Number of protein chains: 2
Amino acid sequence: MDRVPEQTINRLPIYLRCLVQAASLNMPVINSLGLAQMAGTNAAQVRKDLSYLGELGTRGIGYDVEALIAHISGELGLTASRRVAIVGFGRLGGSLLGYSGFSERGFDIVAVFDADPAKIGTSVGGVRVRSIDELESGLAEEAIEIVLLTTPADVAQAVADRVVAAGVCAILNFAPVTLDVPDGVKVRPVDLSVELQVLSFHLARMTQEA
Amino acid sequence: MDRVPEQTINRLPIYLRCLVQAASLNMPVINSLGLAQMAGTNAAQVRKDLSYLGELGTRGIGYDVEALIAHISGELGLTASRRVAIVGFGRLGGSLLGYSGFSERGFDIVAVFDADPAKIGTSVGGVRVRSIDELESGLAEEAIEIVLLTTPADVAQAVADRVVAAGVCAILNFAPVTLDVPDGVKVRPVDLSVELQVLSFHLARMTQEA
């Protein structure tokens, strides 16, 4: 399998979401233009992205919707469910545990860790809150593959080091710090303030231009 | 002012965060390598990105930390606070309202809208939940510049159309659909399942390579 560009990888889940929507509308086939319009990109981009996955689609006809769903799901490793832990169980952690979109897409939150004695031992949505002291043993016991890191910023790096040392290779980082991790570990940052600041940039430009 | 590339805009908030951290450590000056290491990129990228903002920094010395904070804040339009509304007040909306990181960075959530009669009229954190029927008048009354769209997926486009028609030009979209908006309106999608699927892709590749 050739190296797939990062930007293409980032678009595959979007295509998948659009294809599932198309399937729910009973569309048997979709062409690159149709998929591009649903995904908010252009047809050439769709064809280029999908070309990394192999010889898909039929010229002049398009892509078989169900076949393409199966193919992209396979590429994304979504054929089996993934075991996920939340580390840091504040307001955001609680919101993530309650978000049904994860389990619907095969991401099962099966462990929660926190440092607050008042929370440890309680159960939320069928998941028991464990002590952060049991982080390494708990991650191993539950065979966790992905950690949602929702600790305060000042301890995020130290906790990430422990998560990585415990063998977890994928972190979704909600703490507003840039994590330093070894090669082979994948971190995706989610910083909502950054998103708002990018919007603010555009608002500032619009005002200048007006 | 020249056109600043989208990827550069996306990195400016990261640089700003790192600079604020440097200032809190009493660093008067930072060079491109130091800033790059904090931001998780490389020095050439930092120099290139900042060159779009003008002639900043002194060769062989670096950037004045406080001056660069002021400059980037100005570029991002962060010198005044921005008025923000949450549309769709479910679990995620509630979590966003409680997130202190927004107001700390000048994003004030001053209005909340929902369709659920049980929620309308209640107050949360000093903000009254308004009926979605009052969306247009409420957005205008509160001079909202940015909407956090946290409705269910099936109504997101219809609600976004109303938000745009009311004159709002910036939307942070948490609904798992690609929004269709006119030119001049900026949408930033936040789809946490997409983030998890990207991590899953990397996990799948690691397993194949192992």
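1. Focus on the overall build of chain A
Then comes step 1: Assigned secondary structure in chain A consists of nine helices and nine strands.
Then comes step 2: Principal-axis analysis of the C-alpha atoms places the extent of chain A at approximately 60 × 50 × 35 Å.
Then comes step 3: The 210 residues of chain A split such that 38% are buried.
Then comes step 4: In chain A, once contacts between residues fewer than 6 apart in sequence are set aside, the share between residues at least 24 apart is 54%.

2. Let's talk about the packing of helix H1 (residues 6-24) of chain B against helix H2 (residues 32-39) of chain B
Residues and elements named next belong to chain B.
Then comes step 1: Where H1 meets H2, the axes come as close as 9 Å, and the angle between the chain directions of the two elements is 105°. In this view, H1 runs roughly perpendicular relative to H2, as classed from their interaxial angle. Within the contact between the two elements, H1 uses Ile14, Tyr15, Cys18 and Gln21 and H2 uses Leu35, Met38 and Ala39.
Then comes step 2: Here the contact of H1 with H2 is composed, by residue class, of six nonpolar, one polar and no charged.

3. Some remarks on the sheet that holds strand E5 (residues 123-124) of chain B
All names here are of chain B.
Then comes step 1: In spatial order, the strands read E5-E6-E4-E3-E7-E8-E9; together these seven strands make up an open sheet with mixed pairing. This sheet does not close on itself; its edge strands, each paired only once, are E5 and strand E9 (186-189).
Then comes step 2: In the packing of helix H8 (residues 153-165) onto the sheet, contacts are made with strand E3 (82-87), strand E7 (146-149) and strand E8 (170-173), and the angle to E7 comes to roughly 170°.

4. Points about H2(B)
Residue pairs three or four apart in sequence face the same way in an α-helix, which turns once every 3.6 residues.
Residue and element names in this part refer to chain B.
Then comes step 1: Every buried residue belonging to H2 is among Ser32, Leu35, Ala36 and Met38, and all of these are buried. Viewed end-on, H2 has its buried residues packed into an arc of 165°, placing them on one side of the element.
Then comes step 2: Those residues of H2 that are buried are in contact with H1, strand E1 (29-30) and helix H3 (43-51).
Then comes step 3: Phi turns positive, to about 75°, at Gly40, one or two residues after H2.

5. Here's the deal with the domain arrangement of chain A
Reports often express the size of an interface as the amount of accessible area lost when the parts come together.
Then comes step 1: Assigned domains of chain A: these are domain 1 (6-75) and domain 2 (82-193).
Then comes step 2: Summarising the inter-unit geometry, the C-alpha centres of domain 1 of chain A and domain 2 of chain A are found 32 Å apart.

6. As for the sheet that holds strand E4 (residues 107-114) of chain A
Residues and elements named next belong to chain A.
Then comes step 1: Taken in spatial order, the seven strands of this open sheet run E5-E6-E4-E3-E7-E8-E9, and their pairing is mixed. Each edge of the open sheet is held by one strand with a lone partner, namely strand E5 (123-124) and strand E9 (186-189).
Then comes step 2: Of the strand pairs in this sheet, E4 and strand E6 (residues 127-131) are connected by three bridges, and their pairing is parallel. Residue pairing for E6: Val112 is matched across the bridge by Val129.
Then comes step 3: Against the sheet, helix H8 (residues 153-165) engages strand E3 (82-87), strand E7 (146-149) and strand E8 (170-173), with an angle of about 170° to E7.

7. Thoughts on the nonpolar core
Then comes step 1: If you look at the biggest cluster of nonpolar residues, it comprises 58 residues, and the most contacted ones within it are Ala85(B), Ile86(B), Val87(B), Val147(B) and Leu149(B).
Then comes step 2: Apart from residues lying up to four places away in sequence, Ile86(B) is in contact with Gly93(B), Leu96(B), Leu97(B), Ile109(B), Val112(B), Leu148(B) and Thr150(B).
Then comes step 3: In terms of nonpolar packing, the next biggest core, distinct from the first, is built from 57 residues, Leu50(A), Tyr63(A), Ile144(A) and Leu148(A) among them.

8. Quick notes on the confidence of the model for chain A
Residue and element names in this part refer to chain A.
Then comes step 1: The predicted model of chain A averages 89 in pLDDT, with 97% of residues at 70 or higher.
Then comes step 2: The least confident element of chain A, judged by mean pLDDT, is helix H6 (residues 100-104) at 76; the most confident is helix H7 (residues 135-141) at 97.
Then comes step 3: As scored by the predictor, the complex reaches a pTM of 0.74 and an ipTM of 0.75.

9. A look at the interface of chain A and chain B
Then comes step 1: Counting residues at the interface gives 47 residues for chain A, matched by 47 residues for chain B.
Then comes step 2: Counting residues per element, the ones that place at least two in the side of chain A that touches chain B are helix H1 (6-24), helix H2 (32-39), helix H5 (91-97), H6, E8, E9 and helix H9 (192-209) of chain A.
Then comes step 3: Considering each element in turn, the side of chain A that touches chain B owes the most residues, 14 residues, to H9(A).
Then comes step 4: Grouping the constituent residues of the side of chain A that touches chain B by class yields 27 nonpolar, eleven polar and nine charged.

Cut-off values and rules
- Residues numbered from 1 in each chain as written.
- Chains lettered and ligands numbered in written order.
- Predicted model: local features only at pLDDT ≥ 70, side-chain atom pairs only at ≥ 80, totals over all residues.
- Helix = DSSP H or I, 4+ residues; strand = E, 2+ residues; numbered from the N terminus.
- Buried ≥ 20, exposed ≤ 12 C-beta atoms within 10 Å, placed from the backbone.
- Contact = placed C-beta atoms within 7 Å.
- Axes fitted to C-alpha atoms, helices over the stretch in contact; angles between N-to-C directions.
- Parallel < 35°, antiparallel > 145°, perpendicular 65-115°, else oblique.
- Nonpolar A, V, L, I, M, F, W, Y, C, P; charged D, E, K, R; others polar.
- Pairing = 2+ DSSP bridges.
- Arc of directions from axis to C-beta.
- Domains from an automatic or database assignment.
- Core = buried A, V, L, I, M, F, W, Y, C linked by C-beta atoms within 7 Å.
- pLDDT = per-residue confidence, 0-100.

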